[in-house]
Amino acid sequence: MTGVVMKILSEFCYIKHVGGIVVCKTKGIFRHKNMKVITGDVVEFDEPQDQEAYGMITDIYDRKSELYRPQIANIDQVVVISSVKDPNFDSYILNKYLTFISYLGIKKIIAFTKVDLIKRDDVIFDYIDDYQKIGIEIFRINNIQPASEEWEPFNQILVNKTSVFTGQTGAGKSTTLNNLLPNVFQKTQAISKALGRGKHTTTSNELFEFNGGFIADTPGFSSFELKDVTPLDVAQHYLNFNQYECKFNDCLHNIDNEKICGVVAAKNKNEIPAFMYSDYVKLLLEFTNKRGVK
Ligand SMILES: Nc1nc2c(ncn2[C@@H]2O[C@H](COP(=O)(O)OP(=O)(O)O)[C@@H](O)[C@H]2O)c(=O)[nH]1
Ligand SMILES: [Mg+2]
Ligand SMILES: [Zn+2]
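Remember, it's a predicted structure, so these values are computed and weren't measured experimentally.

1. Description of the sheet that holds strand β2 (residues 12-17)
Next, step 1: Judged by pairing direction, the barrel is mixed, and its five strands sit side by side in the order β1-β2-β3-β5-β4 before closing back on the first. Strand-to-strand twist in this sheet, taken as the mean axis angle between neighbours without regard to direction, amounts to 55 degrees.
Next, step 2: With three bridges connecting them, strand β3 (residues 20-26) and strand β5 (residues 55-60) associate as parallel partners. In the strand pairing of β5, lysine 25 is matched with methionine 56.

2. Some words on the sheet that holds strand β12 (residues 208-210)
Next, step 1: Pairing within the open sheet is mixed, and its six strands lie in the order β10-β9-β8-β11-β13-β12. Strands with a single pairing partner mark the edges of an open sheet, and in this sheet they are β10 (137-140) and β12. When strand polarity is set aside, the average angle formed by the axes of neighbouring strands in this sheet is 30 degrees.
Next, step 2: Of the strand pairs in this sheet, strand β8 (residues 77-83) and strand β11 (residues 162-167) are connected by five bridges, and their pairing is parallel.

3. A short note on helix α2 (residues 91-103)
Next, step 1: In this model, α2 (13 residues) spans 18 Å end to end at C-alpha, consistent with the 18 Å of a helix rising 1.5 Å per residue.
Next, step 2: Among all positions of α2, only Leu94, Asn95, Lys96, Tyr97, Leu98, Thr99, Phe100, Ile101 and Ser102 are buried.
Next, step 3: Just past α2, the residue glycine 105 takes up positive phi, approximately 80 degrees.

4. A few points about the site of ligand 1
Next, step 1: Lining the immediate surroundings of ligand 1 are 17 residues, of which Asn143, Gly172, Lys173, Ser174 and Thr175 lie closest.
Next, step 2: Top contributing element to the shell around ligand 1 by residue count: helix α5 (residues 173-180), with three residues.
Next, step 3: Of the residues contributing to the shell around ligand 1, the split by class is five nonpolar, nine polar and three charged.

5. Here we look at the nonpolar core
Next, step 1: Core analysis: the largest hydrophobic core is formed by 50 residues, its most contacted members being Val78, Val79, Val80, Ala111, Phe112, Val164 and Ile215.
Next, step 2: Among the elements that take part in this core, α2 stands out by supplying five residues, more than any other.
Next, step 3: Shared between two domains, this core takes at least three residues from each, and those domains are domain 2 (72-223) and domain 3 (231-293).
Next, step 4: Apart from residues no more than four positions distant in its own chain, valine 78 is found in contact with Ile101, Ile106, Lys108, Val164 and Thr166.
Next, step 5: Counting residues in hydrophobic clusters, the runner-up holds nine residues, among them Val5, Ile15, Val37 and Val43.

6. Examining the environment of glutamate 137
Next, step 1: As for its position among the elements, glutamate 137 is in strand β10.
Next, step 2: Glutamate 137 sits in the partly exposed class, given 16 other C-beta atoms within 10 Å.

7. A word on the pairing of strand β13 (residues 213-217)
Next, step 1: The buried count for β13 comes to four of five residues, which makes it a mostly enclosed element.
Next, step 2: Hairpin connection from β12 to β13: two residues lie between these consecutive antiparallel strands, with asparagine 211 at a positive phi of about 50 degrees.

8. Some points on the confidence of the model for the chain
Next, step 1: Mean pLDDT over the chain works out to 88, with 89% of the residues at or above the 70 mark.
Next, step 2: Looking over the chain, one finds the lowest element-wise mean pLDDT in helix α6 (residues 184-194), namely 61, and the highest in strand β9 (residues 107-113), namely 97.
Next, step 3: In this model residues 198-202 is a low-confidence stretch, pLDDT under 50, and it forms eight contacts with partners more than four residues away in sequence or in other chains.

9. A short note on unusual backbone geometry
Next, step 1: The linkage connecting aspartate 86 with the following residue, proline 87, adopts the cis geometry, with an omega of -5 degrees.
Next, step 2: Tracing the chain through its elements places proline 87 in the loop between β8 and α2.
Next, step 3: Turning to its location among the elements, aspartate 86 is positioned in the loop between β8 and α2.
Next, step 4: Backbone geometry at lysine 114 places phi at a positive 60 degrees, although glycine is not the residue there.

10. Description of the pairing of strand β4 (residues 42-46)
Next, step 1: Alternating positions in β4 separate cleanly, Val43 and Phe45 being buried on one face and Val42, Glu44 and Asp46 remaining unburied on the opposite face.
Next, step 2: Relative to β4, strand β1 (residues 2-9) runs antiparallel, the two sharing three bridges. The residue bridging valine 4 from the neighbouring strand is valine 42, located in β4.

Criteria and cut-off values
Residues numbered from 1 in each chain as written. Chains lettered and ligands numbered in written order. Predicted model: local features only at pLDDT ≥ 70, side-chain atom pairs only at ≥ 80, totals over all residues. Pairing = 2+ DSSP bridges. Helix = DSSP H or I, 4+ residues; strand = E, 2+ residues; numbered from the N terminus. Axes fitted to C-alpha atoms, helices over the stretch in contact; angles between N-to-C directions. Expected span 1.5 Å × (residues − 1). Buried ≥ 20, exposed ≤ 12 C-beta atoms within 10 Å, placed from the backbone. Near = placed C-beta within 6 Å. Nonpolar A, V, L, I, M, F, W, Y, C, P; charged D, E, K, R; others polar. Core = buried A, V, L, I, M, F, W, Y, C linked by C-beta atoms within 7 Å. Domains from an automatic or database assignment. Contact = placed C-beta atoms within 7 Å. pLDDT = per-residue confidence, 0-100.

Right under this line is the structure:
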């Protein structure tokens, strides 16, 4: 039988399959082969026999994507929860993590929260619109009014997908998840609190069923592992820069020659918003320096 690992508690894997949830252990043979089952894995398993309380996982399917902290496999999309105020909108942090999500080969989506805290004509909305203009899917979320119309399209993108929520502390990840999963998510958090564990210890490695797919929370950006990212990775995965053609294959888009670099040409034509390019230059520098100290 085949199923998806929803969570792992010590040696027990909770597997969702067509018939419901079954608890399984992994075979010792996996440890020899250096294979480890993680949350999100699609696995093959034998159901519990007569007297046994648990079944056995017999095989792990190849992963189409993998996040390391928290360790979750087969993620279709990462939703970056980004508040427009408290904490204030920070394009650099956002752009950095959008780059990393693309680097992992995962689709990126932005949900801007706390839109109720700024005026309709606030300049922040121009920045938000720029993401949409360059082709990134964005949503505006007001968690104070979870029943409002804006939630319907947001609900739709989560249908049949495995989505991971991330973002800065205080951006509204948990509040958004509570609004999507009022019963399940809150209950889990209440339990982990009662057990005296940190809020995230039980939830961050757990998939919750939603709209035919799954959702997982993460402790936030700080957990992302960026050390393997090179300046060239940044160049190739930053926002939508890969849609522009450059004369060099390994172009870092930092030579001031629009005949060679399609990105520089697009920037000069204002097709790329200025803040997105200046964040890029800063990011490139951050990762160049990082390599230097390695
Ligand atoms: N005004 C307003 N406050 C929000 C919104 N979303 C979250 N908050 C508040 O922001 C604070 C941090 O939210 P939380 O979900 O704990 O953030 P997390 O650290 O990303 O999980 C809480 O006090 C929430 O009530 C929103 O859309 N509007
Ligand atoms: Mg939280
Ligand atoms: Zn270039």
